[in-house]
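The lines below spell out each chain.
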Amino acid sequence: MLRGMRSFVTCLILSGWLLLPGCATNPVTGKQDLVLMTEDQEIGLGRRAHQEMMRQYRPYNDPELQRYVEEIVRELSQQSHRKDLVFHVTVLDSPQINAFALPGGYIYITRGIMAYMNSEAELAGVLGHEIGHVTARHGVRQQSAGTLTDLVGKGIEVLTGSQIASQAAGIGGVALIRGYGRKHELEADRLGAEYLARVGYDPEEMIGVLGILKSQEEFERKLAEQEGREPNVYHGIFSTHPDNDSRLQEVVQAADKFRSPVARKVNRERFLRLVEGLTFGPGESDGVLRDQKFYHGDLDLFIEFPEGWKIDNLPSSLVATPADRELQLLVAVEDLNRYLTPKEFLTRQTQGRLRQGQDIQTGDFTGYTGYTTLNIKGTPRPGRVAAVIQGTRVYTITAIGKDQSVLGRYDRSVLHTVRSMRHLKGGEKKLAEPQRIRLIRAKPGDTFASLAKQSTLTNHPVEQLRLINGMYPKGEPKPGQWIKIVH
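Residues numbered from 1 in each chain as written. Predicted model: local features only at pLDDT ≥ 70, side-chain atom pairs only at ≥ 80, totals over all residues. Heavy atoms only, no water.

So, about the overall build of the protein. A tally of regular secondary structure across the protein gives 17 helices and 18 strands. When each of the 487 residues of the protein is scored for burial, the buried share is 52%. Put simply, 66% of the contacts in the protein that link residues at least 6 apart link residues at least 24 apart. Within the structure as shown, the protein displays about 23000 Å² of accessible surface, and the carbon and sulfur contribution to it stands at 50%. (Helix = DSSP H or I, 4+ residues; strand = E, 2+ residues; numbered from the N terminus. Buried < 20%, exposed > 50% of the residue type's maximum accessible area, 1.4 Å probe, protein only. Contact = heavy atoms within 4.5 Å. Areas by Shrake-Rupley, 256 points an atom, 1.4 Å probe, with all protein chains shown as cover.)

Here it is as structure tokens:
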């Protein structure tokens, strides 16, 4: 009683006046929290942030899969501490391995993370965790004065892994990016495990998901180290947990007291049937990389990059770097809003600071190129820029060198890339189609090495097949078992 009274008095002091908003009852604990918005304001903020998110990212075009995820969220949320709150969930068309929540009941899960799951119970574990963040109002409690741009920016960084993108959106914190901190993540685990138990899932599935995502994270970190880049790993559900986290095991086991009397639900085969055909990696609207060649069906575009260069297909651009990483080549596209020649466009873009300009002819398009000085984080860098016009679209190609000698050393390769740009040829239309997950029954003698030879995966295919089947690092398929492959 004394503790509750002290909490209430503290809220009055911090708020300043009794009638000013600032303290609210936490729907999970029943205690007073210092927050700067009412529930109606929280819902309104989440609604506006969701609208902006949908302008930035596409929902995944699979109505049956979307309804399936909605069904799971609805069932879990009806067992939550905020039963009167309508939860909205969106499957995002993103290859990133992530899920996150905005205030007011808006939850997002990417097709990228679903590719690594192998049962409905595992999917429910991730969704239950995110519902836990909403019911405990973690977003509001951590950044109660957060703005729309803060929330959208956090979502952008979660999905792109790009700090540049998030800074452009006005990021003011890291809650959605790196999780909510140890305390809040454990609370979301505890709540998620409770909700799973109440509807008939085994709360232990949350620990199973931990193993899957930790394996993917381990592989991604090794790959990123080899490629000299930052790893893209799941920010939330267990990012703060080690593999043998005793506290996570405790909160999951504690959920057994909420166990539903019905049989434990796993629904592996139902889940696998619904993710068959799921896009794996970049989607059709993002274009497809095959070795050093880029195919984009919607844009009717082909580009060939230099042999041995690393290419990242990001939502906003293609980024290519040679092995020594002393130069960066970026290719982006935008609508052409004025009828300009490539020379006129590039002159405007560089504000007249273009040197040694010249026309350039690609496979099918006309362009213009030259040298300029680029300001990169306050540091002047030498660069070659080019503009290539395709109808009412313009492609901008920017090569940024560590210094002038580096730019000179790679200049021929950059120009070769620009000149390679053309329309897709007849047989290449199929190459622009994205890779998808397919299901097969494992036959006697099948191994992931033999299945990898039948796959279109080119980057560590054996390891990737083990990962998406939950058998990393050394597992092998058993005869008769359903196995996910990629074609």
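Past the structure itself, the notes keep going.
Consecutive side chains along a regular strand alternate between the two faces of the sheet. The sheet contact formed by strand S11 (residues 318–321) and strand S12 (residues 327–335) spans three bridges and is antiparallel. Of the residues in S12, the one forming a bridge with Ala 320 is Leu 329. Count of turn residues in the S11/S12 antiparallel hairpin: five residues, of which Arg 325 carries a positive phi of about 60 degrees. Relative to strand S16 (residues 393–401), S12 runs antiparallel, the two being bridged by nine bridges. In the sheet register, Val 331 faces S16, and the bridge partner there is Ile 397. (Pairing = 2+ DSSP bridges.)

Bringing the sheet that holds S12 into the picture now. One open sheet holds the seven strands; their spatial order is S10-S11-S12-S16-S15-S14-S13, and the pairing between them is antiparallel. One side of each edge strand has no neighbouring strand; the edge strands of this open sheet are strand S10 (310–313) and strand S13 (355–361). Strand-to-strand twist across the sheet, computed as the mean angle between neighbouring axes with direction ignored, equals 20 degrees. When S13 meets strand S14 (residues 366–376), the two strands line up antiparallel, connected through five bridges. Counted as the bridge partner of Gln 361 is Thr 366 from S14. Sheet strands in contact with helix H15 (residues 404–419) are S12, S13, S14, strand S15 (379–390) and S16, and its direction is about 10 degrees off that of S15. (Axes fitted to C-alpha atoms, helices over the stretch in contact; angles between N-to-C directions.)

Bringing the side chain of Glu 122 into the picture now. Topologically, Glu 122 is positioned in helix H5 (residues 120–135). Among buried Asp, Glu, Lys and Arg side chains, Glu 122 stands out as unpaired, with Arg 268 the closest opposite charge at 6.6 Å. (Lys, Arg positive; Asp, Glu negative; His and termini not counted. Salt bridge = Lys/Arg side-chain N within 4 Å of Asp/Glu carboxyl O.)

Before going further, it helps to spend a moment on the nonpolar core. Ranked by internal contacts, the top residues of the largest apolar core, which has 70 residues, are Leu 76, Ile 109, Met 114, Leu 123 and Leu 127. Leave out the neighbours within four places in its chain, and Leu 76 touches Ala 124, Leu 127, Gly 128, Ile 131, Tyr 195, Leu 196, Val 199 and Tyr 201. Among the nonpolar cores identified, the runner-up in size contains 27 residues, and Phe 294, Leu 318, Ala 386 and Val 418 belong to it. (Core = buried A, V, L, I, M, F, W, Y, C linked by side-chain atoms within 4.5 Å.)

Okay, the pairing of S15 next. Where burial is concerned, most of S15 is hidden: nine out of the 12 residues are buried. Judged from the 11 bridges that link them, S14 and S15 form a sheet pairing that is antiparallel. Residue pairing in the sheet places Asn 375 in a bridge with Pro 380 of S15. Between S14 and S15, which follow one another and run antiparallel, lie two residues, and Lys 377 among them has a positive phi close to 50 degrees.

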